[in-house]
Amino acid sequence: MATVRTPDPNPGWLSDDELEQIRQRLPLVYVEAIPVRVDGMGAVTEVGVLLRVNPAGSITRTLVSGRVMHGETLREALFRHLEKDLGPMAFPQLPASPTPFSVAEYFPFPSPTRFSDDRQHAVALAYVVPVTGTCEPRQDALELTWMTPDEAASQRVADELEGGRGALLRAGLASVGVLP
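This structure is a prediction, so every number in the text was calculated from the model and none was measured.

Trainee: Please clarify how helix α2 (residues 74-86) should be interpreted in this entry.
Mentor: Since the α-helix packs 3.6 residues into each turn, any two residues three or four apart lie on the same face. Compared with the 18 Å implied by 1.5 Å per residue over 13 residues, the 18 Å span of α2 between its first and last C-alpha is a close match. Buried within α2 are the following residues: Ala77, Leu78, His81, Leu82, Asp85 and Leu86. Viewed end-on, α2 has its buried residues packed into an arc of 130°, placing them on one side of the element. Those residues of α2 hidden inside the fold are in contact with β1 (28-38), β2 (44-53), β4 (64-67), β6 (122-130) and β7 (141-147). Backbone geometry just after α2 places glycine 87 at a positive phi near 100°.

Structure below.
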(Lines give C-alpha, C1' and ligand atoms only; values in the text may rest on other atoms or scores of the structure.)
Protein backbone atom coordinates (compact mmCIF):
# COMPACT_ATOMS: atom_id res chain seq x y z
CA MET A 1 0.00 0.00 0.00
CA ALA A 2 1.42 3.38 -1.03
CA THR A 3 1.94 6.04 1.57
CA VAL A 4 0.00 9.21 0.86
CA ARG A 5 2.03 12.30 1.59
CA THR A 6 0.31 15.44 2.71
CA PRO A 7 1.66 18.43 0.77
CA ASP A 8 3.55 20.99 2.80
CA PRO A 9 0.99 23.76 3.47
CA ASN A 10 3.72 26.40 3.21
CA PRO A 11 6.47 25.13 0.89
CA GLY A 12 7.96 28.61 0.35
CA TRP A 13 9.67 28.73 3.73
CA LEU A 14 13.18 27.49 4.32
CA SER A 15 14.73 26.42 7.58
CA ASP A 16 17.55 28.62 8.86
CA ASP A 17 20.10 26.00 7.78
CA GLU A 18 18.58 25.65 4.30
CA LEU A 19 18.50 29.41 3.87
CA GLU A 20 22.15 29.73 4.88
CA GLN A 21 23.16 27.05 2.36
CA ILE A 22 21.15 28.61 -0.43
CA ARG A 23 22.49 32.11 0.32
CA GLN A 24 25.99 30.75 -0.27
CA ARG A 25 25.09 29.34 -3.70
CA LEU A 26 22.30 31.35 -5.36
CA PRO A 27 21.11 34.94 -5.62
CA LEU A 28 17.77 35.44 -3.89
CA VAL A 29 14.89 37.61 -5.09
CA TYR A 30 13.64 40.34 -2.77
CA VAL A 31 11.10 43.14 -2.89
CA GLU A 32 11.83 46.51 -1.28
CA ALA A 33 9.26 49.22 -0.64
CA ILE A 34 9.44 52.88 0.20
CA PRO A 35 6.22 53.69 2.08
CA VAL A 36 4.90 57.17 1.33
CA ARG A 37 1.95 59.38 2.17
CA VAL A 38 0.44 61.29 -0.74
CA ASP A 39 -1.92 64.24 -1.00
CA GLY A 40 -5.16 64.29 -3.00
CA MET A 41 -3.25 64.94 -6.21
CA GLY A 42 -0.90 61.99 -5.64
CA ALA A 43 2.14 64.10 -4.71
CA VAL A 44 4.39 62.58 -2.06
CA THR A 45 4.16 64.54 1.21
CA GLU A 46 5.92 62.12 3.59
CA VAL A 47 8.38 59.24 3.29
CA GLY A 48 8.58 56.40 5.81
CA VAL A 49 11.92 54.93 6.86
CA LEU A 50 12.29 52.12 9.39
CA LEU A 51 14.64 52.26 12.36
CA ARG A 52 15.93 48.87 13.49
CA VAL A 53 18.72 47.00 15.19
CA ASN A 54 20.75 45.07 12.61
CA PRO A 55 22.24 41.61 13.28
CA ALA A 56 25.52 43.23 14.39
CA GLY A 57 23.62 45.15 17.11
CA SER A 58 23.88 48.60 15.50
CA ILE A 59 20.86 50.86 15.13
CA THR A 60 20.34 51.64 11.44
CA ARG A 61 17.66 52.81 9.06
CA THR A 62 16.25 50.61 6.35
CA LEU A 63 13.37 50.19 3.94
CA VAL A 64 10.58 47.63 4.00
CA SER A 65 12.08 44.54 2.40
CA GLY A 66 12.00 40.78 2.29
CA ARG A 67 12.33 37.64 0.19
CA VAL A 68 9.89 36.49 -2.44
CA MET A 69 8.80 32.97 -1.52
CA HIS A 70 8.57 30.10 -3.98
CA GLY A 71 5.14 30.23 -5.63
CA GLU A 72 4.42 33.77 -4.45
CA THR A 73 3.70 36.65 -6.85
CA LEU A 74 5.60 39.91 -6.54
CA ARG A 75 2.35 41.61 -5.52
CA GLU A 76 1.77 39.04 -2.76
CA ALA A 77 5.34 39.38 -1.49
CA LEU A 78 5.15 43.17 -1.49
CA PHE A 79 1.86 43.16 0.42
CA ARG A 80 3.11 40.55 2.91
CA HIS A 81 6.27 42.50 3.73
CA LEU A 82 4.46 45.84 3.98
CA GLU A 83 1.97 44.30 6.40
CA LYS A 84 4.73 42.48 8.31
CA ASP A 85 6.86 45.61 8.75
CA LEU A 86 4.16 48.31 9.02
CA GLY A 87 1.29 46.43 10.63
CA PRO A 88 -2.08 45.20 9.34
CA MET A 89 -3.68 48.66 9.45
CA ALA A 90 -1.15 50.36 7.11
CA PHE A 91 -3.43 49.82 4.10
CA PRO A 92 -0.80 49.89 1.33
CA GLN A 93 -2.00 50.92 -2.11
CA LEU A 94 -0.10 48.49 -4.31
CA PRO A 95 0.82 49.70 -7.79
CA ALA A 96 -1.40 48.59 -10.66
CA SER A 97 1.68 47.29 -12.45
CA PRO A 98 4.29 45.07 -10.77
CA THR A 99 7.02 46.95 -12.65
CA PRO A 100 9.57 48.26 -10.11
CA PHE A 101 11.13 51.72 -10.31
CA SER A 102 14.53 50.03 -9.95
CA VAL A 103 16.31 46.71 -9.62
CA ALA A 104 19.10 46.66 -7.04
CA GLU A 105 21.77 43.97 -6.98
CA TYR A 106 23.32 43.34 -3.57
CA PHE A 107 26.65 41.52 -3.21
CA PRO A 108 28.51 40.21 -0.13
CA PHE A 109 31.81 41.44 -1.57
CA PRO A 110 33.07 44.59 -3.35
CA SER A 111 31.17 44.96 -6.60
CA PRO A 112 30.42 47.42 -9.37
CA THR A 113 27.02 48.20 -7.80
CA ARG A 114 26.66 50.53 -4.85
CA PHE A 115 24.61 47.96 -2.92
CA SER A 116 25.93 45.44 -0.40
CA ASP A 117 24.58 42.71 1.87
CA ASP A 118 27.11 40.77 3.93
CA ARG A 119 24.84 37.70 3.99
CA GLN A 120 24.24 37.07 0.30
CA HIS A 121 23.93 37.93 -3.35
CA ALA A 122 20.40 39.27 -3.75
CA VAL A 123 18.34 40.93 -6.47
CA ALA A 124 15.72 43.36 -5.16
CA LEU A 125 12.82 44.85 -7.08
CA ALA A 126 12.07 48.26 -5.58
CA TYR A 127 8.71 50.04 -5.35
CA VAL A 128 7.28 53.28 -3.98
CA VAL A 129 4.02 52.38 -2.24
CA PRO A 130 1.48 54.85 -0.81
CA VAL A 131 0.02 53.80 2.54
CA THR A 132 -3.21 55.30 3.86
CA GLY A 133 -3.66 53.72 7.28
CA THR A 134 -2.00 53.67 10.66
CA CYS A 135 1.52 52.25 10.64
CA GLU A 136 2.74 50.40 13.71
CA PRO A 137 6.10 48.78 12.98
CA ARG A 138 6.44 45.12 13.84
CA GLN A 139 9.04 42.38 13.60
CA ASP A 140 12.53 43.80 14.15
CA ALA A 141 11.60 47.43 13.43
CA LEU A 142 11.84 49.83 16.37
CA GLU A 143 9.91 52.63 14.69
CA LEU A 144 8.78 54.08 11.41
CA THR A 145 9.95 57.66 10.99
CA TRP A 146 7.91 59.87 8.66
CA MET A 147 10.03 62.55 6.98
CA THR A 148 9.55 65.17 4.34
CA PRO A 149 10.87 64.13 0.93
CA ASP A 150 13.77 66.58 1.33
CA GLU A 151 14.71 65.11 4.73
CA ALA A 152 14.49 61.55 3.36
CA ALA A 153 16.74 62.47 0.42
CA SER A 154 19.36 64.07 2.68
CA GLN A 155 22.91 62.80 3.02
CA ARG A 156 22.35 62.35 6.77
CA VAL A 157 19.57 59.81 6.12
CA ALA A 158 21.54 58.15 3.31
CA ASP A 159 24.42 57.62 5.73
CA GLU A 160 22.05 55.95 8.24
CA LEU A 161 20.58 53.56 5.65
CA GLU A 162 22.36 50.23 5.35
CA GLY A 163 23.74 48.56 2.23
CA GLY A 164 23.51 51.58 -0.08
CA ARG A 165 19.77 52.00 0.33
CA GLY A 166 20.19 55.78 0.48
CA ALA A 167 20.81 55.73 -3.27
CA LEU A 168 17.78 53.49 -3.74
CA LEU A 169 15.62 55.85 -1.67
CA ARG A 170 16.70 58.85 -3.74
CA ALA A 171 16.04 56.92 -6.97
CA GLY A 172 12.56 56.06 -5.72
CA LEU A 173 11.80 59.68 -4.88
CA ALA A 174 13.05 60.72 -8.32
CA SER A 175 10.81 58.10 -9.94
CA VAL A 176 7.71 59.76 -8.47
CA GLY A 177 8.82 63.28 -9.38
CA VAL A 178 9.95 64.43 -5.94
CA LEU A 179 13.63 64.86 -6.89
CA PRO A 180 15.12 66.03 -10.18
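The structure having been displayed, the exposition proceeds.
Trainee: When you look at the pairing of β6 in this model, what are you seeing that I'm missing?
Mentor: Successive side chains on a regular strand alternate, one facing one side of the sheet and the next facing the other. Where burial is concerned, most of β6 is hidden: 7 out of the 9 residues are buried. Where β1 meets β6, 9 bridges bridge the pair, whose relative direction is parallel. Its bridge partner lying in β6, isoleucine 34 is registered against valine 128. As defined by bridge partners, strand β5 (residues 102-106) adjoins β6 across 5 bridges and the pair is classed as antiparallel. By the bridge assignment, glutamate 105 is partnered in β6 with valine 123.

The rules behind these values
Residues numbered from 1 in each chain as written. Predicted model: local features only at pLDDT ≥ 70, side-chain atom pairs only at ≥ 80, totals over all residues. Heavy atoms only, no water. Helix = DSSP H or I, 4+ residues; strand = E, 2+ residues; numbered from the N terminus. Expected span 1.5 Å × (residues − 1). Buried < 20%, exposed > 50% of the residue type's maximum accessible area, 1.4 Å probe, protein only. Arc of directions from axis to C-beta. Contact = heavy atoms within 4.5 Å. Pairing = 2+ DSSP bridges.

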